[in-house]
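# What the coordinates show
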Amino acid sequence: MDLTIILDIIKDYGYIGLFLWLWLGMFGIPVPNEVFVSSVGIIAQKGILETPPALFTIYLGVIASLTTCYFLGRCLGKGVYSKLEKHDKIEASFAKGEELLNKYHAFALCISYFLPGVRNVVPFLAGFMKLPYYQFAIAAYTSAIVWVTTFFFMGRLVWNHAQLFVLYRLELLVAASVFIVLYFAYDWYKKQSDPTFIFQKYR
């Protein structure tokens, strides 16, 4: 994802923009949330955002998205379900979500947000199936903490490694070239030493 997009959001709307992106992203914004959160982690690493407020804002956006899906399922589930299941792709997501809920019950909410395609379907189905709110909240909000911190700091880690690559790019390229040459040399030697290889070659 182009960091300039997030920088524009921050410039125009601040932390509220981050919150709205994560919340309204469930309605079809064509950028994976993993990419967005990791990009915000990079921006925080560069000092443009403060880490604690950025993390907290992202977390609020995620749980707002999950909670909205839950109450849509609980209050409007039947009508929404009947309309959405007519689409093949959404029907497949519903089937996967139902499978997870039937197999893991409330724990399905702990793993669903790590699975693109069902992350918002499972909370919707949990509401549709009248899962008690407290069970939904414990499972979904706890897993959201893990998800947010994982991808936020993954972005920072990737940025740090990217900086190291720029700094030592020549040395890394030389090391990679040597490794490739040694690998192909070893592979060639192994084939020459393999009787099966010699037999097939001259048969």
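That block above? That's the structure.
Report on the accompanying structure. (Residues numbered from 1 in each chain as written. Predicted model: local features only at pLDDT ≥ 70, side-chain atom pairs only at ≥ 80, totals over all residues. Heavy atoms only, no water.)

Here we come to the overall build of the chain. Of the regular secondary structure elements, the chain holds 9 helices and 0 strands. Helices and strands appear in the chain in the N-to-C order α-α-α-α-α-α-α-α-α. In the chain, 74% of the contacts between residues at least 6 apart in sequence involve partners at least 24 apart. (Helix = DSSP H or I, 4+ residues; strand = E, 2+ residues; numbered from the N terminus. Contact = heavy atoms within 4.5 Å.)

A cluster of nonpolar residues, Ile16, Leu20 and Leu24, forms a patch on the protein surface that exposes about 250 Å² of accessible area. Here Leu20 lies in helix H1 (residues 3-24). Overall, the relative accessible area of 34% leaves Leu20 in the partly exposed class. (Patch = residues over 30% accessible without salt bridge, like charges linked within 9 Å, V, L, I, M, F, W, Y side chains within 5 Å. Areas by Shrake-Rupley, 256 points an atom, 1.4 Å probe, with all protein chains shown as cover. Salt bridge = Lys/Arg side-chain N within 4 Å of Asp/Glu carboxyl O. Buried < 20%, exposed > 50% of the residue type's maximum accessible area, 1.4 Å probe, protein only.)

As a further point, take the packing of aromatic side chains. Counting across every chain of the model gives 13 aromatic pairs. For the ring pair Trp21 and Phe36, a centre distance of 5.0 Å and an interplane angle of 5° mean the geometry is stacked. Placement of the pair is Trp21 in helix H1 and Phe36 in helix H2 (residues 33-45), with a sequence separation of 15 residues. Relative accessible area serves as the criterion here: at 0%, Phe36 is assigned to the buried category. Put simply, the rings of Tyr70, Phe71, Tyr133, Phe136 and Tyr141 touch in pairs and so form one group of aromatic residues. Sitting above the plane of the Tyr113 ring, Arg119 keeps its charged end 4.8 Å from the centroid. (Phe/Tyr/Trp six-rings, centres within 6.5 Å; stacked < 30°, edge-to-face > 60°. Lys NZ or Arg CZ within 6 Å of the ring centre and 35° of its normal.)

What follows covers the nonpolar core. One finds Val40, Val62 and Phe136 to be the most contacted residues of the largest nonpolar core, which totals 46 residues. Elements represented by at least two residues in this core include exactly H1, H2, helix H3 (51-84), helix H4 (88-104), helix H5 (108-112), helix H6 (121-128) and helix H7 (133-167). Setting aside its immediate chain neighbours within four residues, Val40 contacts Ile6, Leu18, Leu49, Ala54, Ile58 and Phe152. (Core = buried A, V, L, I, M, F, W, Y, C linked by side-chain atoms within 4.5 Å.)

This brings us to unusual backbone geometry. Here the phi dihedral of His105 falls at roughly 55°; this positive angle occurs in a residue that is not glycine. For Lys130, which is not glycine, the phi torsion reads 65° and is therefore positive. Mapping Lys130 onto the fold places it in the loop between H6 and H7. With a relative accessible area of 48%, Lys130 lands in the partly exposed category.

With that out of the way, let us pick up the environment of Glu98. Looking at the secondary structure, you find Glu98 in helix H4. Given a relative accessible area of 24%, Glu98 falls into the partly exposed group. Sequence separation between Glu98 and Val122 is 24 residues; the distance between their C-alpha atoms is 7.4 Å. In contact with Glu98, other than residues within four places in its own chain, are Tyr81, Leu125 and Met129.

With that settled, the discussion passes to H2. Along its 13 residues, H2 runs 18 Å from first to last C-alpha, staying within 8% of the 18 Å computed at 1.5 Å per residue. Across the 13 residues that make up H2, a large majority, 11, are buried. Gly47 lies just past H2 and shows a positive phi near 90°. (Expected span 1.5 Å × (residues − 1).)

Attention shifts here to H6. With 7 of 8 residues buried, H6 lies mostly within the body of the structure. Backbone geometry just downstream of H6 places Lys130 in the positive-phi region, at approximately 65°.

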